[in-house]
Amino acid sequence: MTRTTAETDISVKLNLDGTGVYDNQTGVGFFDHMLDQLARHALIDMTVRCAGDLHIDDHHTVEDVGITIGQALAKAVGDKKGIQRYGSCLLPMDDALVRVALDLSGRPFLVWNVDLPTHKIGTFDAELVREFFQALSTHGGITLHVDMLHGLNSHHIAEAAFKAVARALRMALEVDARVADAIPSTKGAL
């Protein structure tokens, strides 16, 4: 999947049946680290390249990468035949505890109950964590609930959120052997 605007030039490659191999280069170090966690814990092979207007700030890069990963995910999952569809995770990381539940429903919605205690994580704007998940949810057609239950350190909270979303996504993408040829909906389509 590619996306080119006046602000960013992005390419994303995903393999949903991967092992978590990643090669992410956006020019934003902390964000690359979070994308690595997403790939590794979802067991999705992922390569991201982004040339963005980082001379302005990281916002367009982070949001547009979220858009492009969401689009790539939606395309790769196809009609969703045979997948579990739902996933959840309760993930501890030191002081942080984050709960995620998601539905690959095709109906995007983000519930974000995360309070990052600092405005920056190193040089990274902490508010961009939510912006990424909003873009991923919207363009991936994901109903996504992210709740911070505990947390003191913004880095730990953000990383726990990425890992928890990854683990929930991994669960939702798993094939359900009992209904491998069926769409997981009474409607017959998602």
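Keep in mind that this is a model prediction, so the values were computed, not measured.

Rules of the game
- Residues numbered from 1 in each chain as written.
- Predicted model: local features only at pLDDT ≥ 70, side-chain atom pairs only at ≥ 80, totals over all residues.
- Heavy atoms only, no water.
- Core = buried A, V, L, I, M, F, W, Y, C linked by side-chain atoms within 4.5 Å.
- Buried < 20%, exposed > 50% of the residue type's maximum accessible area, 1.4 Å probe, protein only.
- Helix = DSSP H or I, 4+ residues; strand = E, 2+ residues; numbered from the N terminus.
- Contact = heavy atoms within 4.5 Å.
- Pairing = 2+ DSSP bridges.
- Axes fitted to C-alpha atoms, helices over the stretch in contact; angles between N-to-C directions.
- Salt bridge = Lys/Arg side-chain N within 4 Å of Asp/Glu carboxyl O.
- Polar contact = N/O pair within 3.5 Å; in protein donor to acceptor, adjacent residues only side chain to side chain.

Draft legend 1. Spotlight on the nonpolar core. Core analysis: the largest hydrophobic core is formed by 56 residues, its most contacted members being I69, V100, L102, F132, F133, L144 and V146. The biggest single contributor to this core is helix α4 (residues 154-173), with twelve residues. Sequence-distant contacts of I69, defined by excluding residues within four places in its chain, comprise V12, L14, L35, M46, V48, F132 and L136.

Draft legend 2. The sheet that holds strand β10 (residues 143-150), seen in detail. Pairing in this open sheet of four strands is mixed, and the strands run β5-β6-β10-β7 from one edge to the other. This sheet does not close on itself; its edge strands, each paired only once, are β5 (86-93) and β7 (109-113). The sheet shows a mean angle of 10° between the axes of neighbouring strands, taken without regard to direction. Bridge analysis of β5 against strand β6 (residues 96-103) gives eight bridges, and the strand direction is antiparallel. Across the sheet, L91 pairs through a bridge with V98, a residue of β6. Packed onto the sheet, helix α3 (residues 128-140) meets β7 and β10 and runs at close to 160° relative to β7. Together, β5, β6 and β10 form the strand contacts of α4, whose direction differs from that of β5 by roughly 150°.

Draft legend 3. Representation of the pairing of β5. What you see with β5 is a clean split: G87, C89, L91 and M93 sit on the buried side and Y86, S88, L90 and P92 on the side with no burial. Joining the antiparallel neighbours β5 and β6 is a turn of two residues, in which D94 adopts a positive phi near 55°.

Draft legend 4. How the structure looks around the pattern of salt bridges. One pass over the structure, following the stated rule, counts six salt bridges. Two residues, D64 and R3, come together in a salt bridge whose shortest N-O distance is 3.8 Å. Pair noted here: D64 is in helix α2 (residues 59-77) and R3 is in strand β1 (residues 2-4), with a separation of 61 residues, a long-range link. Accessibility expressed as a relative area gives 3% for D64, which makes it buried. When the shortest N-O distance is used, the salt bridge between R85 and D103 registers 2.6 Å. Placement of R85 in the loop between α2 and β5 and of D103 in strand β6 is noted, with a sequence separation of 18 residues between them. Of the two residues, R85 and D103, both sit in the buried class.

Draft legend 5. Examining the side chain of T26 more closely. You can see T26 is positioned in the loop between β3 (22-25) and α1 (29-42). In terms of polar contacts, T26 uses its side chain to reach the backbone amide nitrogen of V28, at 3.2 Å. Within the structure, T26 has its side chain in polar contact with the side chain of D32 (distance 2.6 Å). Sequence-distant contacts of T26, that is, excluding residues within four places in its chain, are made with F31, D32, L35, V48, C50, L54, T61 and V65.

Draft legend 6. Molecular detail of the sheet that holds β1. Judged by pairing direction, the sheet is mixed, and its four strands sit side by side in the order β1-β2-β4-β3 without closing on themselves. Both edges of this open sheet fall to β1 and β3, since each of them pairs with a single strand only. Here the strands of the sheet are splayed against their neighbours by 5° on average, with no regard to which way each runs. Where β1 meets strand β2 (residues 8-15), three bridges bridge the pair, whose relative direction is antiparallel. Looking at the pairing, T4 lines up with D9 of β2. The sheet contacts of α2 involve β1, β2 and β4 (45-52), and relative to β2 the element is tilted by about 35°.

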